[in-house]
Every structure is written in structure tokens, then in C-alpha cells.
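Structure at a glance
Listed below, chain by chain, are the residues.
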Amino acid sequence: MKPVTNPLIIAPSLLAADFLRLGAEAEAVENAGADWLHLDVMDGHFVPNITFGPLVVKALKSRSKIPLDVHLMIAPVDPYIVAFADAGADHISVHPEAGPHLHRTLQLIRSLGKKAGVVLNPATPVDTVAHVLDLVDIIMVMTVNPGFGGQAFIESQLAKIATLRRMIDATGRDIYLQIDGGITPVTARDVLNVGADCLVAGTAVFGKPDYAGAIADLRAAAPKIMPEFAVSAG
Ligand code: DX5
Ligand code: ZN
């Protein structure tokens, strides 16, 4: 397995934060070393839970300096892409099941100057992204069924992550391989070992009293890169 060469990205999910203090929570994880802020948008239709929409994303944008990583769990998704882009989303990730034309959706996100992501549910095959890799900046593997924080990591997804690592490497493109759901320092090590380079973590960060310590614990799960590789990678 090729060592992960991208710097490890930690994206705390605000779903597990104190919703009475969203702005302060966003600032707190930013100050604690978060790379991206992961925002879970749910509609009670595509997933069995409801969270927030573009107005909250816009409010958070005014308090955040790190990229807003917006995970849309809404269907149909296409009519809302522009609204989330205008609200300040830096990355917009969609589920292929949330619209009829994934290629067109990704083109739209890219045309708005945003990073485009595709999210694969546990039962969604890797082939779903095979013919849109040229339009993708992020592939996100759900290691829980989407809708709720605090669920148990689904082990069967490790083989899928390894397959996606090989697909991404074959493109030669810099595509993030992001993992969402049930991430702890233990499962973080498992997914990083098979080639992930970006971790979403809700409970594992906001559920802890010390956010900086929690983020450091996740970073410590990263496989150590061999010194000779680090030199050759420049
Ligand atoms: C679930 C969301 C996740 C969620 C992860 O649908 O997409 O981002 O916040 O929560 P944890 O890290 O607690 O599993
Ligand atoms: Zn998410």
C-alpha cells in the first residue's frame, strides 16, 4: 500500500456540537487545529433526520476561516446547490442517489468555483464514481448509514476504501479520500492504513472536553511515513 502523501485532513462535524452555541463551537475547533469544518445538511426525506440549511451555513461562514465542507443529504439536491454555494460552502458533496444526473450536478458545483464531492453510502458501489473522476475533488465513504452521529463504524467499508485509493492513484489527480462515520482514534488508524487522507469526526471531537487533544489523538493515528519515502516525495 502506498503511504498517504497528502497532509492528513481533520474535519470535525458540527452535528455533534452544542447547537445553542454553533458559532463559538466552530471557532473552538478551528482554534483547536481543525483543517475543515464539516456541515451535515439533512432534509428528513433523503435521510431520517433534519438539521439546517443555507442560512446557518452563511452565518457560520461569517465566523470561520477554515473551509466549510458541506455534506448535502437532501433530495432532490440540484435545486439547492446554488444556494449553498452563495451561502459560502467551499466544498459541496452530494450523494449519487440524490439526483438523476450526477455528472451534471458535479459540473454545476465546479462551475460555481467550489470543490465537488461524491458521497458513497455503505451499499453504494465504487463504480458509481468511475466515470466522473475528472470532475471530483473529494470522494467520501460513509462508514455509517447517513442521518445520525454517534453510530458504530461499519467494517465492511475498509475494502471499498482500499479500492478507491487504487482508483484515485491511477488518475494521478489530487482527490481527497474522506471517511465519515464512527471515526475514533482506533477506526482512524484502520482507514488511514488502507489509504484514506481525510477524516470527518463528530463525536470523537465535540464529545470530548478537550478539542485540541481530541484532534491530536486522531492525527496520531496516521501511519508513519518512511524517511526515505519522505525524501523522495520531496
Ligand atoms: C452522519 C454524518 C456524519 C456525522 C458523523 O450522517 O454525515 O458527518 O456527524 O458523526 P460521528 O463522527 O459521531 O459518527
Ligand atoms: Zn457528514
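Because the structure is predicted, anything quoted here is derived from the model rather than measured.

This part takes up the site of ligand 1. Residues in contact with ligand 1 amount to 20 residues; listed here are only the nearest, Ser 13, Gly 147, Asp 180, Gly 202 and Thr 203. In this structure the site holding ligand 1 corresponds to the largest pocket. For the shell around ligand 1, the secondary structure elements donating two or more residues are strand S2 (37-42), strand S3 (68-73) and strand S8 (198-201). Sorting elements by how many residues they give to the shell around ligand 1 places S2 first, with 3 residues. For the shell around ligand 1, a count of residues per class yields 8 nonpolar, 10 polar and 2 charged.

A few words now on the sheet that holds S8. The parallel open sheet is built from 8 strands, whose spatial order is S1-S8-S7-S6-S5-S4-S3-S2. Taken across any chain shown, the strands that pair with only one partner, and hence form the sheet edges, are strand S1 (9-12) and S2. For this sheet the average axis-to-axis angle between neighbouring strands, irrespective of direction, equals 25 degrees. The sheet contact formed by S2 and S3 spans 6 bridges and is parallel. By the bridge assignment, Val 41 is partnered in S3 with Leu 72.

Let us now look at the nonpolar core. Leu 72, Ile 139 and Val 191 are the most contacted members of the largest nonpolar core, which totals 68 residues. The element that contributes the greatest number of residues to this core is helix H5 (residues 157-171), accounting for 6 residues. Setting aside residues up to four positions removed in sequence, Val 191 forms contacts with Phe 153, Leu 158, Ile 161, Ile 179, Ile 183, Ala 196 and Leu 199. Judged by nonpolar contacts, the second largest core, of 11 residues, contains Ile 9, Ala 11, Met 142 and Val 144.

In this section: empty space enclosed by the protein. The full count for this structure, using the stated rule, is 1 cavity of 30 Å³ or more. In this structure, the largest cavity occupies an estimated 30 Å³ of space. Looking at the largest cavity, the residues that line it are Val 77, Val 94, His 95, Pro 96, Ala 98, Gly 99, His 101, Leu 102 and Thr 105. Here the lining of the largest cavity is built from residues that sort into 5 nonpolar, 4 polar and no charged.

Moving on to the pattern of salt bridges. Throughout the structure, instances matching the rule amount to 10 salt bridges. Glu 25 serves as the salt-bridge partner of Arg 21, at 3.6 Å between the closest nitrogen and oxygen. Judged by its relative accessible area of 5%, Glu 25 is buried. Notably, a salt bridge pairs Asp 169 with Arg 165, separated by 3.2 Å at the nearest N-O pair. Of this pair, Asp 169 and Arg 165 both sit in helix H5, 4 residues apart, which is roughly one turn of the helix.

Analysis parameters
- Residues numbered from 1 in each chain as written.
- Chains lettered and ligands numbered in written order.
- Predicted model: local features only at pLDDT ≥ 70, side-chain atom pairs only at ≥ 80, totals over all residues.
- Heavy atoms only, no water.
- Near = heavy atom within 4 Å.
- 1 Å grid on protein atoms, 1.4 Å probe; cavity = no way out; pocket = protein on both sides within 12 Å on 5 of 7 lines; lining within 4 Å.
- Sits in = over half its atoms within 2 Å of the grid points.
- Helix = DSSP H or I, 4+ residues; strand = E, 2+ residues; numbered from the N terminus.
- Nonpolar A, V, L, I, M, F, W, Y, C, P; charged D, E, K, R; others polar.
- Pairing = 2+ DSSP bridges.
- Axes fitted to C-alpha atoms, helices over the stretch in contact; angles between N-to-C directions.
- Core = buried A, V, L, I, M, F, W, Y, C linked by side-chain atoms within 4.5 Å.
- Buried < 20%, exposed > 50% of the residue type's maximum accessible area, 1.4 Å probe, protein only.
- Contact = heavy atoms within 4.5 Å.
- Points joined across faces, edges and corners; volume = space filled by probe spheres on them.
- Salt bridge = Lys/Arg side-chain N within 4 Å of Asp/Glu carboxyl O.

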